[in-house]
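Summary of the model geometry
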Amino acid sequence: MHVADLPKGIHRSQELPDPALGALWDSIVLNKKLKDQLLSQAVLNFTVRPKVARSVIPLHGVILLVGPPGTGKTSLARGLAHRTAQAFPGGRFRLLEVDPHTLTSSAMGKTQRAVSDLFSQSIAEAATQGPTIVLLDEVETLAADRSKMSLESNPVDIHRATDAVLVQLDLLAEQFPKLLFVATSNFPEAVDSAFTSRCDLVAQIPLPDRVACAQILTDCLQGLAKTYSPIGKLITTSAMDRVAGECIGLDGRALRKTVANALAGTPETAMDPSRLSLEAIVAAARSARANRSEGNARK
Ligand SMILES: Nc1ncnc2c1ncn2[C@@H]1O[C@H](COP(=O)(O)OP(=O)(O)O)[C@@H](O)[C@H]1O
Ligand SMILES: [Mg+2]
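Being a predicted model, the structure only gives us computed values, none of them experimental.

1. Points about the packing of aromatic side chains
The tally for this structure, following the rule as stated, stands at 4 aromatic pairs. Summarising the aromatic geometry, the rings of Phe46 and Phe88 are spaced 6.1 Å apart at their centres and angled 65° between planes, so their arrangement reads as edge-to-face. Here Phe88 lies in the loop between helix 3 (73-86) and strand 3 (94-98) and Phe46 lies in helix 2 (residues 32-47), a separation of 42 residues in the sequence. The buried category is assigned to Phe46, whose relative accessible area is 6%. Put simply, the rings of Phe46, Phe88 and Phe93 pair up and form one aromatic cluster.

2. Focus on the nonpolar core
Considering soluble globular proteins, one finds that nonpolar side chains tend to be buried as a cluster. Membership of the largest hydrophobic core comes to 35 residues, with the highest contact counts inside it found for Phe119, Ile123, Leu136, Phe181 and Phe195. Contributing elements (two or more residues each) for this core: strand 2 (62-66), strand 3, helix 5 (111-129), strand 4 (132-136), helix 6 (156-175), strand 5 (179-185) and helix 7 (193-196). Ranked by residue count, the leading element in this core is helix 5, at 8 residues. Dropping the residues within four chain positions of it, Leu136 is found in contact with Val98, Phe119, Leu142, Phe181, Val182, Ala183 and Thr184. In terms of nonpolar packing, the next biggest core, distinct from the first, is built from 28 residues, Cys220, Ala239, Cys247 and Ala284 among them.

3. As for the pairing of strand 5
Within strand 5, 7 of the 7 residues are buried, which leaves it mostly tucked inside the rest of the structure. By the alternation rule, side chains of strand 5 split into Leu179, Phe181, Ala183 and Ser185 and Leu180, Val182 and Thr184, which are all buried. With 5 bridges connecting them, strand 2 and strand 5 associate as parallel partners. Considered in strand 5, the bridge of Leu65 is made with Thr184. By the bridge criterion, 5 bridges tie strand 4 to strand 5 in an arrangement that is parallel. Considered in strand 5, the bridge of Thr132 is made with Leu179.

4. So, the pattern of salt bridges
In the structure shown here, the tally under the stated rule is 12 salt bridges. Put simply, Arg94 and Glu15 hold a salt bridge, and the shortest N to O gap is 3.8 Å. Pair noted here: Arg94 is in strand 3 and Glu15 is in strand 1 (residues 10-15), with a separation of 79 residues, a long-range link. A salt bridge links Asp117 to Arg113; the shortest N-O distance between them is 3.2 Å. Here the residue Asp117 and the residue Arg113 both occupy positions in helix 5, the gap between them amounting to 4 residues, near one helical turn. Via salt bridges that share partners, Arg12, Arg78 and Glu97 belong to a single interconnected network.

5. Remarks on the site of ligand 1
Contacts to ligand 1 come from 14 residues, most closely from Val29, Gly70, Lys73, Thr74 and Ser75. In this structure, an oxygen atom belonging to ligand 1 sits 3.2 Å away from a main-chain N or O atom of Thr71. Note that an oxygen atom of ligand 1 is positioned 3.0 Å from one of the side-chain N or O atoms of Arg256. Burial of ligand 1 by the protein amounts to 85% of the accessible area it has alone, namely 560 Å². Listed by contribution, the elements that provide at least two residues to the shell around ligand 1 are helix 3 and helix 10 (252-263). Counted by class, the shell around ligand 1 contains 4 nonpolar, 7 polar and 3 charged residues. Counting only domains with at least three residues in the shell around ligand 1, you end up with domain 1 (3-204) and domain 2 (210-289).

Rules of the game
- Residues numbered from 1 in each chain as written.
- Chains lettered and ligands numbered in written order.
- Predicted model: local features only at pLDDT ≥ 70, side-chain atom pairs only at ≥ 80, totals over all residues.
- Heavy atoms only, no water.
- Phe/Tyr/Trp six-rings, centres within 6.5 Å; stacked < 30°, edge-to-face > 60°.
- Helix = DSSP H or I, 4+ residues; strand = E, 2+ residues; numbered from the N terminus.
- Buried < 20%, exposed > 50% of the residue type's maximum accessible area, 1.4 Å probe, protein only.
- Core = buried A, V, L, I, M, F, W, Y, C linked by side-chain atoms within 4.5 Å.
- Contact = heavy atoms within 4.5 Å.
- Pairing = 2+ DSSP bridges.
- Salt bridge = Lys/Arg side-chain N within 4 Å of Asp/Glu carboxyl O.
- Near = heavy atom within 4 Å.
- Polar contact = N/O pair within 3.5 Å; in protein donor to acceptor, adjacent residues only side chain to side chain.
- Areas by Shrake-Rupley, 256 points an atom, 1.4 Å probe, with all protein chains shown as cover.
- Nonpolar A, V, L, I, M, F, W, Y, C, P; charged D, E, K, R; others polar.
- Domains from an automatic or database assignment.

In structure tokens:
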């Protein structure tokens, strides 16, 4: 579907499963237990919720992923949609991706209306057609914490948008048992507690630890080695562990960027990436971490 044909606030709508999203899920390095927990919770939504009353098992159909920026939350949410659909062959699942920023950037006073329309019309209509998974990326923009808002810095408009989201979530949860929201937030403290309390699972997505860093680095270098085969020689367990030790504190996105920065470390490697060295990656990692702590110090 072309973007122009999509209802306001929805920036993508696609059929599931989609192998490209499966690859995304696989590309995010995360402990298996947590990945399994996410998948089980999502699957449960489609097995139990249609059959068991909410008074017995209070499932709301909302999963929230929280954690620092760049830890793979958006990728996981999209991948999770695919993996869930895959668990129900022939299930005719659809993924809708909401862009909250387009709703809240509506003219003043219109946000609440835009939010209500999105849920009660666009999402409800999709849910009538079949099992639906909705990605609410960066949900703090939609369900902002009302208790932390001052009226000067946060207009009444946003306040009302949060109310509208909560009302609509309850209505949709009642009407459509085969509907699942997967929300993400970089700032869990900014998400309204009434929203969080509706979540069936709040999963903390951590920064990669040393083992995960080594695995992400290996994945990057293996990908590069497909084109620049000499890079393959850099990949040994001990080398990856040593470089990973220099990367702790970086998020997954920054880690992959570090490898790109190492390639751009000199005009020679930029011209001929097969000349990449471990030392160049270490140098890029140190510089990324130094920039990071400088940035934090300025906050
Ligand atoms: N744990 C991870 N393992 C591998 N790659 C990661 C990881 N976390 C982030 N990345 C990389 O960073 C990119 C951006 O991640 P994204 O899903 O947008 O993160 P977030 O939504 O948390 O900011 C991903 O496409 C992936 O390449
Ligand atoms: Mg994101």
